Every structure is written in C-alpha cells, then in structure tokens.
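This is what each chain is made of:
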Amino acid sequence: RIQEQLDTRTGRLLHILQGTNLGTWEWNVQTGECVFNECWASIIGYTLEELAPVSIDTWMQHCHPEDLEESNRRLQACFSGENPIYEFEARMRHKNGDWVWVLDRGMVTSWTEDGRPLWMFGSHQDITERKRTEQMNTQREQQLLALINSTPDIICFKDGQGRWLVANDADLDLFSLTDVAYRGKTDADLADFTNPIYREAFLACEESDEAAWRAGVLSRCEEAIPKPDGSVNTYDVIKVPLFESDGSRKGIVVLGRDITEQKKTEADRERLLYAIGQAAEMIMITDIEGV
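Only a predicted model underlies this, so the values are computations on that prediction, with no experimental measurement involved.

A. Up close: helix α10 (residues 199-215). Compared with an ideal rise of 1.5 Å per residue, which puts 17 residues at 24 Å, α10 spans 25 Å between its outermost C-alpha atoms and is within 8% of the ideal. On its buried side, α10 packs onto β6 (154-159), β7 (164-167), α9 (187-193), β8 (219-226), β9 (232-243) and β10 (249-258). Positive phi shows up at Gly 216, right after α10, with a value of about 75 degrees.

B. Structural detail: the sheet that holds β7. With antiparallel pairing, five strands are arranged side by side in an open sheet as β7-β6-β10-β9-β8. In this open sheet, the two strands that pair with only one neighbour each are β7 and β8. Neighbour-to-neighbour, the strand axes of the sheet open up by a mean angle of 25 degrees, direction not taken into account. One ladder, built from eight bridges, connects β8 with β9; its direction is antiparallel. The partner of Glu 223 across the bridge, within β9, is Tyr 235. Sheet strands touched by helix α6 (residues 128-148): β6 and β7. Its angle to β7, the strand with the most contacts, is close to 55 degrees.

C. The arrangement of the pattern of salt bridges in detail. Inspection of every chain in the model, using the stated rule, returns 22 salt bridges. When the shortest N-O distance is used, the salt bridge between Glu 70 and Arg 73 registers 2.7 Å. Here Arg 73 and Glu 70 lie together in helix α5 (residues 65-79), a separation of three residues that amounts to about one turn. Salt-bridge contacts for Arg 199 lead to Asp 192; the nearest nitrogen and oxygen are separated by 2.5 Å. What makes Asp 192 exposed here is its relative accessible area of 59%. Overlapping salt bridges, with partners in common, bring together Lys 158, Asp 187, Asp 209, Glu 223 and Lys 239 in one network.

D. Representation of unusual backbone geometry in the model. In this chain, Ala 52 is followed by Pro 53 through a cis amide linkage whose omega measures -5 degrees. Along the chain, Pro 53 falls in the loop between α3 (48-51) and α4 (56-62). A positive phi angle, near 55 degrees, is found at Ser 176, a position not held by glycine. Using a relative accessible area of 55% as the deciding quantity, one classes Ser 176 as exposed.

Rules behind the numbers
Residues numbered from 1 in each chain as written. Predicted model: local features only at pLDDT ≥ 70, side-chain atom pairs only at ≥ 80, totals over all residues. Heavy atoms only, no water. Helix = DSSP H or I, 4+ residues; strand = E, 2+ residues; numbered from the N terminus. Expected span 1.5 Å × (residues − 1). Contact = heavy atoms within 4.5 Å. Pairing = 2+ DSSP bridges. Axes fitted to C-alpha atoms, helices over the stretch in contact; angles between N-to-C directions. Salt bridge = Lys/Arg side-chain N within 4 Å of Asp/Glu carboxyl O. Buried < 20%, exposed > 50% of the residue type's maximum accessible area, 1.4 Å probe, protein only.

Right, dumping it as structure tokens:
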C-alpha cells in the first residue's frame, strides 16, 4: 500500500511537471554530478542523448558568460543560508545559436556532515517570450520618452489610482523630481515627499484629476505652480481620462503649457486698454467743458 501511494504521488508529480513544461535538474554540489529531464534539454534545443554525459559543466557551457558570475553569487548566498531559495534569470545558448531566457529556481535539499551543501534540486522555465515582451515595452517606453522630452510642455501619464507612471523632463524639472522618485507615487504622496512649496499644487492637481474622471471627458483648467524663487507660473492644463471596457479607471493623461507670459501680456493689454479708456474719457470731459 505504501508503494502504491508513492507510485501515485510520483505519477501525479510527473503529470504536473509535464503540464507546466518545466525542465528539472538535480545537482550533487560536491561531485558536479547532474540529472536533467528531457524538457530541460529541449528548452535549449537538444535531447538528453545529445548532451550526454551531463554534469554541472553542461550548464556552464551553455549559460551566457556574463550571467555565470551573478549565478554563482546567488548560489553562494543559498549555500551560506543567506537565501533559502536560489532564483536567477539567465541566458542559455540554444542549439540554433540563439539565446533563450530561463528562470532558474532551486534549493539545497541535503547537506554533508560537516555542513556543506550536498544535493540541490530545481527547475528551468523558458521565459524567452516574456523577456522579449519586456524588452519591447522598454524600447517603446524609451521611444515615448524621447518623443515627449522633445517638447517644453509638461506631459504626465498616471494609472487608474492616480500613480505617476511616466513624466517628461519638463514636468520633472518643474517639481525638482528625479526619475526614481516619482514613479508609483500619487500627487498626495508627492505633496508630502517633495519641497513643501509644491504641496498645494499637487493637492490641487489631484482634485482636478478627480473632476476629469467624474466628468468622463477631456477637461481643461489653469493650475498655478510656485517656483523656488517665490514666483508663480500659470499652466493651461488639459486632462484626458482613460477607462477600461468595464468603465473602471484605466489612467489619465496630463498635458500642460506655461502661459505665464501670455497671462502677463493679457494683463498688460487690459491695463493699457483701461489707461486708454481713462485718457479718452478725460479728453472727452475736457472738450465738453471747453465747449
């Protein structure tokens, strides 16, 4: 009965491994002896027969040279007990010459009497497509940043919770932010995180975002942004709320243009018109009195 239970459990484990398409490895850390399954070999385009005889050298020969150092560092952390689980994303040379990405996970399962790691068991998962998608997204983001950084207008993208995702240099410079500092933070977070002079501006921005989401359409407003020298700039701000298919908030796009000089010109024009009007009135009064 015990043997039947063991066979059942072993069969279930094999089915799980087949279903997840994972490569498995067993490594005697002291001798270098290794046992790989067929899936492990197929990830890099081989059969086990083609790779035989296998050992830890098999892994090292196919792993990208630049990844070996970091892999070894993480293994040592695992051997010392600093990290109970070894986990690393590595590049491996495929039979066709390409590099494939694998998520390598494992742990030490037994130790020698003097405390050295003996057997280590783990798995390989092919994550090449995921890494390609990540790289494509990174390239697209870089292209987007290059585009939005080419304009002096401020541009910012936020998610459905109002957290900053991407902002151009003009926006970051406006609030003395760095790329690391703003990502994942809301306006309320930044109100407490940045220079206190910007607090009211951030809180006002959060309120206008909410108004745009509630309206559900493009909205426009003017926002006053203080400067460290004590002056205040006025921005003409357009906000475009974005929604998921189910109506939930997806994000918001914020575009702003500095209209401080324009406002000054308008104010100067209004003062000039007022002065002209006053002068004309005085002239008319003088003429009438003269008559």
